[in-house]
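Chains, contacts and geometry: an overview
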Protein chains: 2
Amino acid sequence: MASNLAAPREPDRLPEQELRRLDAWWRAANYLTVGQIYLLDNPLLREPLRIEHVKPRLLGHWGTSPGLSFIYAHLNRVIRMQDANLIYVCGPGHGGPAMVANTYLEGTYSELNPEVSLDEDGMRKLFRQFSFPGGIPSHAAPDVPGSIHEGGELGYALAHAFGAAFDNPDLVVACVVGDGEAETGPLATAWHSNKFLNPSRDGAVLPILHLNGYKIANPTILARIPDEELRALFIGYGYEPLLVEGHEPDAMHQRMATVLDQAMAQIRNIQAAARAQQPGAQARPRWPMIILRSPKGWTGPKQVDGLKTEGFWRSHQVPLSGLADNPEHLKLLEDWLRSYRPHELFDAAGAPVAEIRATAPVGARRMSASPHANGGLLRKALQMPELGEHAVAFSQPGAVKAEATRVMGDFLRAVMQANAQARNFRIVGPDETASNRLQDVFKATGRAWMETILEEDTFLARDGRVLEILSEHTCQGWLEGYLLTGRHGLFSCYEAFIHIIDSMFNQHAKWLDASREIPWRQPIASLNYLLTSHVWHQEHNGFSHQDPGFIDVALNKKADIVRVYLPPDANTLLWVTDHVLRTWDRINIIVAGKPPLWQWLPMEQAARHCQAGLGVWEWASNCGDSEPDVVMACAGDAPTLETLAAVALLRQHLPQLKVRVVNVVDLMALQPSQVHPHGVSDARFDALFTIDKPVIFAYHGYPWTIHRLSYRRTNHRNIHVRGYNEEGTTTTPFDMTVLNGLDRFHLVQSVIEWVPQVGAEGAALHRLMQDKLAEHTAYVRVHGQDMPEIRDWRWNAIDQGALE
Amino acid sequence: MASNLAAPREPDRLPEQELRRLDAWWRAANYLTVGQIYLLDNPLLREPLRIEHVKPRLLGHWGTSPGLSFIYAHLNRVIRMQDANLIYVCGPGHGGPAMVANTYLEGTYSELNPEVSLDEDGMRKLFRQFSFPGGIPSHAAPDVPGSIHEGGELGYALAHAFGAAFDNPDLVVACVVGDGEAETGPLATAWHSNKFLNPSRDGAVLPILHLNGYKIANPTILARIPDEELRALFIGYGYEPLLVEGHEPDAMHQRMATVLDQAMAQIRNIQAAARAQQPGAQARPRWPMIILRSPKGWTGPKQVDGLKTEGFWRSHQVPLSGLADNPEHLKLLEDWLRSYRPHELFDAAGAPVAEIRATAPVGARRMSASPHANGGLLRKALQMPELGEHAVAFSQPGAVKAEATRVMGDFLRAVMQANAQARNFRIVGPDETASNRLQDVFKATGRAWMETILEEDTFLARDGRVLEILSEHTCQGWLEGYLLTGRHGLFSCYEAFIHIIDSMFNQHAKWLDASREIPWRQPIASLNYLLTSHVWHQEHNGFSHQDPGFIDVALNKKADIVRVYLPPDANTLLWVTDHVLRTWDRINIIVAGKPPLWQWLPMEQAARHCQAGLGVWEWASNCGDSEPDVVMACAGDAPTLETLAAVALLRQHLPQLKVRVVNVVDLMALQPSQVHPHGVSDARFDALFTIDKPVIFAYHGYPWTIHRLSYRRTNHRNIHVRGYNEEGTTTTPFDMTVLNGLDRFHLVQSVIEWVPQVGAEGAALHRLMQDKLAEHTAYVRVHGQDMPEIRDWRWNAIDQGALE
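Residues numbered from 1 in each chain as written. Chains lettered and ligands numbered in written order. Predicted model: local features only at pLDDT ≥ 70, side-chain atom pairs only at ≥ 80, totals over all residues.

Here we come to the relation of the copies chain A and chain B. Between the two copies of the chain lies a relationship made up of a rotation around an axis and a movement along it. At an RMSD of 0.0 Å, chain A and chain B line up after a rotation of 180° and a shift of 0.0 Å along the axis. Here the two chains are linked by the operation of a two-fold rotation axis. The rotation axis passes nearest to the C-alpha of Gly185 of chain A in chain A, at a distance of 1.9 Å. Mapped onto chain B, 100% of the interface residues of chain A are again interface residues, and the two copies thus contact each other with one and the same surface. (Least-squares fit on C-alpha atoms with pLDDT ≥ 70 in both. Contact = placed C-beta atoms within 7 Å.)

Our focus in this paragraph is the packing of helix H2 (residues 16-38) of chain B against helix H11 (residues 249-276) of chain B. Residue and element names in this part refer to chain B. Packing of H2 against H11 leaves a shortest axis separation of 10 Å and a crossing angle of 105°. When the interaxial angle is binned, H2 and H11 end up roughly perpendicular. In this structure, H2 contributes Leu19, Leu22 and Asp23 to the contact, and H11 contributes Pro249, Asp250 and His253. The class makeup of the residues in the contact of H2 with H11 is three nonpolar, one polar and two charged. (Axes fitted to C-alpha atoms, helices over the stretch in contact; angles between N-to-C directions. Helix = DSSP H or I, 4+ residues; strand = E, 2+ residues; numbered from the N terminus. Parallel < 35°, antiparallel > 145°, perpendicular 65-115°, else oblique. Nonpolar A, V, L, I, M, F, W, Y, C, P; charged D, E, K, R; others polar.)

Here we take up the packing of helix H21 (residues 637-653) of chain B against helix H25 (residues 744-754) of chain B. Residue and element names in this part refer to chain B. Relative to each other, H21 and H25 sit at 55°, their axes nearing to 8 Å. Relative to H25, H21 is oriented oblique. Between H21 and H25 lies a crossing of right-handed hand. Judged by residue contacts, Glu642, Thr643, Ala645, Ala646, Leu649 and Leu650 of H21 engage Arg744, Leu747, Val748 and Val751 from H25. Class assignment for the residues of the contact of H21 with H25 results in seven nonpolar, one polar and two charged. (Left-handed = near helix turned anticlockwise from the far one by under 90°.)

A word on the interface of chain A and chain B. Contacts between the two partners involve 98 residues from chain A, matched on the other side by 98 residues from chain B. Taken together, the elements giving at least two residues each to the side of chain A that touches chain B come down to helix H8 (185-190), helix H9 (221-224), helix H10 (227-236), helix H17 (502-515), helix H18 (550-555), helix H23 (704-710) and helix H26 (759-783) of chain A. It is H17 of chain A that contributes the most residues to the side of chain A that touches chain B, seven residues altogether. Counted by class, the side of chain A that touches chain B contains 31 nonpolar, 38 polar and 29 charged residues.

Our focus in this paragraph is the confidence of the model for chain A. Parts of the model with low pLDDT should not have their predicted coordinates read in detail. On average, residues of chain A carry a pLDDT of 95, and 97% of them reach 70 or more. Scored as a whole, the predicted complex attains pTM 0.97, and scored at its interfaces, ipTM 0.96. (pLDDT = per-residue confidence, 0-100.)

Set out below in structure tokens:
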């Protein structure tokens, strides 16, 4: 095994001058990092360090930073030597000051933030702004040029890196994975992304596992397991691990340069070999990865107060604290800063000396200036096919059935084909594309797969554009990386299991929110979710697969970022799909079911309805322009069906009752217009929902979500919501609605309860509904399926009296 | 490498009779599995199969089932031969019918569900109830005897298994990991749990990776990578992989028996060696794990409609469908069922023949009857130390500061010590126990660690009872497994990152909810969270670490399962901690900060206040028994501080204004009593919050959460909530409240806006507050910390006029 792993013993790679320049860069980056964490003033140490030069509150993470800068310096060397196209994904994103320091040395930071100039005054600002009120965050946040990854929450670096590399054949994504992050689940499985990366078509990812040994207060697992296990693990993941280990800077520079050259050569060899072959012929290569074992807080204080600090977890944040009360610590800080010999690194004005600046790549080759890391610069709108060609045609509401997501799948096939040349559209999902009825996409492309393909396999292809791995985390991370580098995509997922990536969603929403404040960040394509196999259609799986609560997680984020669509049928789903693929800087959530359901709106009506976000369905209402006795509102496909069935019952049994049906596609329309850009005005809301009539609202998710959105509206006290109440099991879709009181019979009963004027006739209908419910329950307990009259129910059955 | 892995070539392990009996069990389990998926009637095939014997809707997952039953049969053999204490964690939980089949054969199912008797009539019921309305779910849900793991959502089997094994030295937890599940992040990192399992003190986990090659519609990664990578991967994870591969039943039985005996022998050897040593001397052993490679849908139809089915993804759910329209499929189904030779397996009455029943272990040795898998049977209440000994003592509110979680840490140390003998209490967390200020716990125990321990390491110990891994998923999974097997624990986590386990939380809440309906499931200890390093104290990390939305996820689950506590100071936190550790079958969420904050309630008052859940703080109010002009409500430590500071300003500047302060500890108290068992009555709510006065509510999390909880209350229209609005960055705690409008100055302004009678005096104060806000912002932008008057503010400063 070892022969596989040991790097070749070569003579020193770096001539002395190159070594000195690399080391100078590194010292400068480290100096600027320590400066950001500690200094308010005296940035160049032109005078002895005094306590008033030091920030009163010390914040930031030193421990990972020197390693990050070491890697940065060496990647720059490779870029210069090979004119390579690289970006840097920084998993330990809390090493933000190091990333900022390197971009400052490259000049990019000052180009984008002219007030932080390349001189003493600029350096003072650079130091002061870090982790300072009104300044910049402590992480590799959107503020950091070249960053597509904040790394505040750990686990997603590698998935982001692969997402960036897909369809970018010239790009090499260097991805630093901290050994803390490496313990997370999402990171642990993201190593398998190599099974989906095609060396002909895609770029390369060069993972650099940075073993600095410690987390906040603990050793890391991968730094303490035996070397043979460490190596076996990465061979097992399908990589060729190359080790760089030590602490003596010169030797480490030599070793890192050697290994990095070797890794880059391997990458180029793999790519050349693959690209010389027939497309589709190549199997997965064994890509290189680097294991860099260096001390935590490398070059920082070796000991503080007699306790080990360099090479230990005590370096994690600020190794020296309490400086105001401890002159010795202040002295240690000054010694530490001076150990980098700043006078050699910065000129009289405070700018990095020419020798250092010359080691940086130039222009857009600088990782901090790569357009790939500001993906909006590269984003091209998708070519969109004609919607009408995919619409379901029918003569009247409730006349035909269609599988909404299958119709969407045909549209996505057309999107895939229209953008095949641009290669900028991908669909990701946890092995559910076909299960979610999007399989027509496979007429246009296959599932990416670099392992063996057997004769019996279906739709696997080396050049497939659908990415399926049974890891929602990896799907989400890939798509984020793909979008952040300027491309487009869709994540199709079982509704309940999208909660797996709640926290990733939160972080991406925060990224988008913060990016909007940064003038040089260009808008990226929206993150689009199709949530299907939803709570109301879970016959196969039951309770564990029933959770519509992702919407509630999403609603907590900034209003302008989030959209939630609940198209009630196939044509509305088509319109919404087309719409969201044209948007940017948002997160769009579409919830739609996959089984055959009645269709309500022809394409033109669907478009008008979706554009409005919500509206009266005149054809289902019987109050004309007059005030209704009751508003029947609905949002979601299953609630819409039950509402219309309830309305049919009401119109049949209580024909004098004036009913208005309001359907909501765009959930955000319910919010006040001051709260959400899609919110309708109070006047419009009052006109739709009245100011004093009962509103029976059938909602796809948890009922209180509707209250939360509408509590400021005039008629809120009369809104009665039925939705999912966590009553679930393996049962029929109709029985699910019964268990949760969302079915037609309960809805009719609700109307009767809240509209007292229906009197004795209403009371009789209430009892009839009770009988129907009992009949249903008895029926399904024996037959295991919905009563035939419920299965066969159509909206236009009202004209045929078929319901009774 | 290979020598390490190849199992010894031994002669056949199983005598012919044993082989035949094992195979009979397996055939019987497979027969019962197919029967559950397909049959309504004719359970023993006493007559030719007709379409009316078949369920009209076919639901369930066949693909994984035969493998699960194969393993079950072989584990039973080991239990009988060695009188071993085993439980079975079934990762592919959607193989529910297989698990039910095995428990039925063991007799346990009928003991717990007498109507499902061991005869033809019982078998008919067994078949019919599966995935049937009013019947049982399709997964290994709480209904399944012996299950502690549903596996509907994939990823947590291995963490659950390790959680079950901790502190159970006699137990062996066999854990089947599907190759689909193995792709998830949580599972991919859970393999590293072996770094935390002590062979002296803990039981063993025997992972069985079941490579059946396919997910829903795709091959799996681990089944398609080269063998040498597969083996290297598990060596890298620190295991000794043992391979069982094939499809011919007899050969597979022999091989499985051999390998299982070998694995059990290795486990016993490891345990014996470790237990003979000094405690603490042993390093991590290389535990065995088994890789079972067998066909998906093994023994099912080889081809259906000319398409490969056995050994392919088409076996995933129901290999044969559309039986009503396809007599050939019906014939295939009958052939398939008869291929198991049911007449050999069940006697005339329909009971399993004696030969089969004799292969099951007896009594509590049956995995389906193990008390470990019905942990409530084993649960013993924790020994609880005296609260008073840990309370913070002080003379008046706001006179002293304390770090709430540090005080809690000392209490937890005492809990740890009081239960040291019982070994039934653990703390888990992602490397944050010390960061969250619970480090006094380390006076009682260390952090579990089985890798090398260096001289400089702190609090690492082979027998530590604190489990720290940088994976919230693993922490959650371990704790769930520990609780489900009858023990107690606490998960301490950064507030924002608990979202990482949203989905696991959902599944556990569903498990608890479903378990309550099952009479034989005994209550288990509650799942307790301490969420700290919360949104208002994130100076080190900023926006990415600011998210109080877990509460909203939790509120969507069944009311009786969830409790949310927001103790405003150390003594209330102590009371809540003590309380939650005494509860069962709940999920308790405690949110509390760690920095030094003013203390409000002496211990006795704290206890009364917490018991009530919410109440008036008379000492902070100035309206006595009369109706206030305004209610200042608060929930959470930071909002309480700001509310009291605002009240101090109001009392100083508008002394005639009658203010009532209401503090809420138990968030659920806000809900109507019909909705939540902790909800206060409408009368009590009206008495506290009035029916028509403005309520300025300062809340820890997202403001609409308070609206959602209180929208049915009389005075809801007058409740004005301030909370977190996603305005965040790296700044001071006070500046965070300013950015989100939750600070004292904004609160005072809110009062003035909603209480018009304050007139000109109010207007002047409003302007003063505006000046204060401007002054603050100017100050922090220069000094980077809160204004001294804010840092030094104390409640009793009101008497000293110190605020101005």
